[in-house]
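# Breakdown of the fold
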Amino acid sequence: MDFDVSVKLAIYHVIANTGKAPSIAQVAARLNSSVAIIREAIQRLYTKRLLVLEPDTFEIRMAPPFSAVPTSFAVAAAGKSYFANCVWDAYGIAAALHLDVGVSTSCGCCGEPMTLAVREGAPVQTPGLAHFAVPAAHWWDDINYT
Amino acid sequence: MLLFRSEEHVERWCQTHNVPRRPLVLLDQLWQLAVAWYANRLTEESRRPGPDEMEQIFARLGLHDSFWQVRR
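Quick caveat, the model's predicted, so the values are computed rather than measured.

## Brief notes about the overall build of chain B
Across its full length, chain B carries three helices and two strands. Order of helices (α) and strands (β) in chain B, N terminus to C terminus: β-α-β-α-α. Here the C-alpha coordinates of chain B stretch approximately 45 × 25 × 20 Å along the principal axes. Each of the 72 residues in chain B was classed as buried or not, and the buried ones make up 24%. In chain B, once contacts between residues fewer than 6 apart in sequence are set aside, the share between residues at least 24 apart is 33%.

What follows is the structure in structure tokens.
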């Protein structure tokens, strides 16, 4: 298997099983590699837009659809808790895990609590709309704000 | 992107934040986007869709506006 794929899968395995992103050091230990080599691989994965890194530490901020930091999109699946990067990624966690999920979030305008759910591979019908503030061609100008 | 209770709440948020009102995405469409992007994300073969593939996905879901063009 390509080394970068091994790194990516190691990251996703940890975050899918624990809800928390591993540190670069943890990935290195898991793959019996060095922090320097893992850091290079993670940079390549970032270039491919498969990861988003913290600007100062270069630790993992997003392994889409998962967020390594708390967000306003809390996802529960099979007794585990996750954070999604946005409402698209909240559904994305259900799609990636192939599990039923419940999403606790709120209206972007008024803050009223809202819930979403996916059951047996389909979204439970509920009122709500998604709005992207930024056109698709510019999403990666600042992936924290779309 | 954010979730809103209704179109009225989207309008209000756009006015408050001085953001242009963009095309709205129904939750069924959003679920299909999530499946297209992430269904195989935890597998060895997974990759992010390329630009052509992205635009095909958007078009298939009825998202035809220039807002969904991936290339600048």
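Here the narrative resumes, following the displayed structure.
## Focus on the confidence of the model for chain B
Mean pLDDT over chain B stands at 92; residues scoring 70 or higher make up 100%. Interface predicted TM-score (ipTM) for the complex: 0.93; the corresponding pTM is 0.93.

## Some words on the sheet that holds strand 3 (residues 66-67) of chain A
Residues and elements named next belong to chain A. What the three strands build is an open sheet, ordered 1-2-3; its pairing is antiparallel. Edge positions in the sheet fall to strand 1 (52-53) and strand 3, since each of these pairs with one other strand and no more. Both strand 1 and strand 2 (residues 60-63) contribute to a ladder of two bridges, which runs antiparallel. Paired with Leu53 across the bridge in strand 2 is Ile60.

## A few points about the packing of helix 4 (residues 87-97) of chain A against helix 2 (residues 27-38) of chain B
Between helix 4 of chain A and helix 2 of chain B, the least distance of the axes is 8 Å, while the angle of their chain directions is 55°. In terms of orientation, helix 4 of chain A lies oblique with respect to helix 2 of chain B. When the axes of helix 4 of chain A and helix 2 of chain B are compared, the crossing they make is right-handed. Counting all contacts with helix 4 of chain A, which are made through Val87, Trp88, Tyr91, Gly92, Ala95 and Ala96 of chain A, the residues of helix 2 of chain B involved are Leu30, Trp31, Leu33, Ala34, Val35, Trp37 and Tyr38 of chain B.

About the criteria used
Counting from 1, residues in each chain are numbered in the order their sequence is written. Following the order in which they are written, the chains are lettered starting with A and the ligands numbered starting with 1. Under the rules for a predicted model, residues below a pLDDT of 70 receive no local features and side-chain atom pairs below 80 are neither given nor counted, while totals for whole chains, interfaces and linings still include all residues. Each helix is a run of H or I in the DSSP string that is no shorter than four residues. Each strand is a run of E no shorter than two, and both are numbered from the N terminus. Between the buried cut of 20 or more and the exposed cut of 12 or fewer other C-beta atoms within 10 Å of a residue's own C-beta lies the partly exposed class, and all C-beta atoms are placed from the backbone. Throughout, a residue-residue contact means that the two C-beta atoms, derived from backbone geometry, are no farther apart than 7 Å. Summary of the metric used: pLDDT quantifies the predictor's per-residue confidence within the range 0 to 100. Here a strand pair is declared whenever DSSP counts at least two bridges between the two strands. For every element, the axis is a line fit to its C-alpha atoms; helices are fit only across the contacting stretch, and the angle between N-to-C directions ranges from 0 to 180 degrees. Any angle that falls under 35 degrees is termed roughly parallel, while one over 145 is termed roughly antiparallel, one within 65 to 115 roughly perpendicular, and all others oblique. Rotating anticlockwise by less than a right angle from the far helix to the near helix defines a left-handed crossing, while the corresponding clockwise rotation defines a right-handed one.

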